[in-house]
Amino acid sequence: NLGNMANWCSNFVTFTGRSGNIEKLYSDIERLKQEQIEHGNGVSLLSHGNTNRYMFALDIQSHDKNELIINFETKWYISIEDFKVICDKYKVNVSCDYEEPGMGIYGNYQYLYGGLLDKVNEVPDDVMESVVENDDDGTVTYDMKTYGCMTEFVEDYLSKNKIKDLAQYEKENRSPD
């Protein structure tokens, strides 16, 4: 039945935090990746009764003591509520770029310092309706500016509202403990 077929949402996720917290998260993600390889189904860092979304095609892009970058697919959309629970559980921050081209959804979600920043930043529908895609060479034009591809446009558009320097943001916004 094609009516129940999901559109896939690609999630490009960066977790940051203290090294011990990132190591615990990395260890659990590595375990989930193995579980996915063995069983071929969606996986979650949360118990199955407490999640909205499962991760499919989970892949670890890079890992060091204070940062873990992963990619995965979800059905339809990201699960913001899951990210909040995961970040609070592991005491880490997250920045997730996501795209669901079938429905024209492109955005970024950031959850920092236990909710000091909890922000969804999506390209609005009216902007997406004004984007002109050139099928011949894959370029994209918006507001008289041409981009090499849709991803390039989306990154440029979203970057205006994305917190890039997390340490500086925390210093300026976090009250003393």
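Residues numbered from 1 in each chain as written. Predicted model: local features only at pLDDT ≥ 70, side-chain atom pairs only at ≥ 80, totals over all residues. Heavy atoms only, no water.

**Q** Hey, could you run me through the overall build of the protein chain in this one?
**A** Scanning the protein chain from N- to C-terminus turns up 5 helices and 9 strands. Listing every helix and strand of the protein chain by position from the N terminus yields β-α-β-β-α-β-β-β-α-β-β-β-α-α. The C-alpha atoms of the protein chain give a radius of gyration of 17 Å, which matches the 16 Å a tight globule of 177 residues would have. Taken along the three principal axes of its C-alpha coordinates, the protein chain extends 50 × 50 × 25 Å. Counting over 177 residues, the protein chain shows a buried share of 39%. Taking as baseline every contact in the protein chain between residues at least 6 positions apart, the subset at least 24 positions apart corresponds to 56%. Considering the protein chain, the positive charge centre built from 17 side chains and the negative charge centre built from 32 side chains are found 9 Å apart. (Helix = DSSP H or I, 4+ residues; strand = E, 2+ residues; numbered from the N terminus. Rg over C-alpha atoms; globule rule 2.2 N^0.38 Å. Buried < 20%, exposed > 50% of the residue type's maximum accessible area, 1.4 Å probe, protein only. Contact = heavy atoms within 4.5 Å. Lys, Arg positive; Asp, Glu negative; His and termini not counted. Charge placed at Lys NZ, Arg CZ, Asp CG, Glu CD.)

**Q** Help me out: how do you make sense of the environment of Val13 in this one?
**A** Here Val13 shows up in strand β1 (residues 8-16). Note: C-alpha distance between Val13 and Gln110 (97 residues apart in sequence) is 9.7 Å. Leaving out residues up to four positions away in the same chain, Val13 has contacts with Leu68, Ile69, Ile70, Asn71, Phe72, Phe83, Val94, Ser95 and Cys96.

**Q** Help me understand the packing of aromatic side chains in this model?
**A** Geometrically, a pair of aromatic rings is defined through the distance of the ring centres and the angle of the planes. Across all of its chains, the model carries 8 aromatic pairs by this definition. Their ring planes at 45 degrees and their centres at 5.9 Å tell us that Phe153 and Tyr157 sit as a pair that is tilted. You can see Phe153 and its partner Tyr157 sitting in helix α4 (residues 150-159), 4 residues apart, about one turn around the helix. Note on Tyr157: relative accessible area 19%, which makes it buried. Each residue in the set Tyr142, Tyr147, Phe153 and Tyr157 is aromatic and connected to the rest through ring pairs, giving one cluster. (Phe/Tyr/Trp six-rings, centres within 6.5 Å; stacked < 30°, edge-to-face > 60°.)

**Q** What is the right way to read empty space enclosed by the protein from this model?
**A** Left-over empty space is what a probe sized like a water molecule reveals as it rolls over the atoms. Tallied over the entire structure, the rule returns 1 cavity of 30 Å³ or more. What lines the largest cavity is a set of 16 residues, among which Met55, Phe72, Asp82, Phe83 and Ile86 lie closest to the centre. For the lining of the largest cavity, the secondary structure elements donating two or more residues are β1, β3 (67-75) and α2 (80-90). Partitioned by chemical class, the residues of the lining of the largest cavity number 10 nonpolar, 4 polar and 2 charged. (1 Å grid on protein atoms, 1.4 Å probe; cavity = no way out; pocket = protein on both sides within 12 Å on 5 of 7 lines; lining within 4 Å. Points joined across faces, edges and corners; volume = space filled by probe spheres on them. Nonpolar A, V, L, I, M, F, W, Y, C, P; charged D, E, K, R; others polar.)

**Q** Would you mind showing me how to read the confidence of the model for the protein chain here?
**A** Detailed reading of the predicted coordinates is not advisable wherever pLDDT is low. Scored by pLDDT, the protein chain has a mean of 89; 93% of the residues are at 70 or more. The weakest mean pLDDT in the protein chain belongs to helix α5 (residues 166-173) at 72; the strongest belongs to strand β9 (residues 145-147) at 97. (pLDDT = per-residue confidence, 0-100.)

**Q** Explanation requested: the sheet that holds strand β8 (residues 140-142) in the structure shown.
**A** Across a sheet, strands are paired by hydrogen bonds formed along the backbone, either parallel or antiparallel in direction. Pairing in this open sheet of 3 strands is antiparallel, and the strands run β7-β8-β9 from one edge to the other. If you trace the sheet from one side to the other, it starts and ends with β7 (132-133) and β9, each paired once. Sheet analysis places β7 next to β8, joined by 2 bridges and oriented antiparallel. By the bridge assignment for β8, Glu133 is matched with Val140. The strands that α4 touches are β7, β8 and β9; relative to β9, the one it contacts most, it runs at about 120 degrees. (Pairing = 2+ DSSP bridges. Axes fitted to C-alpha atoms, helices over the stretch in contact; angles between N-to-C directions.)

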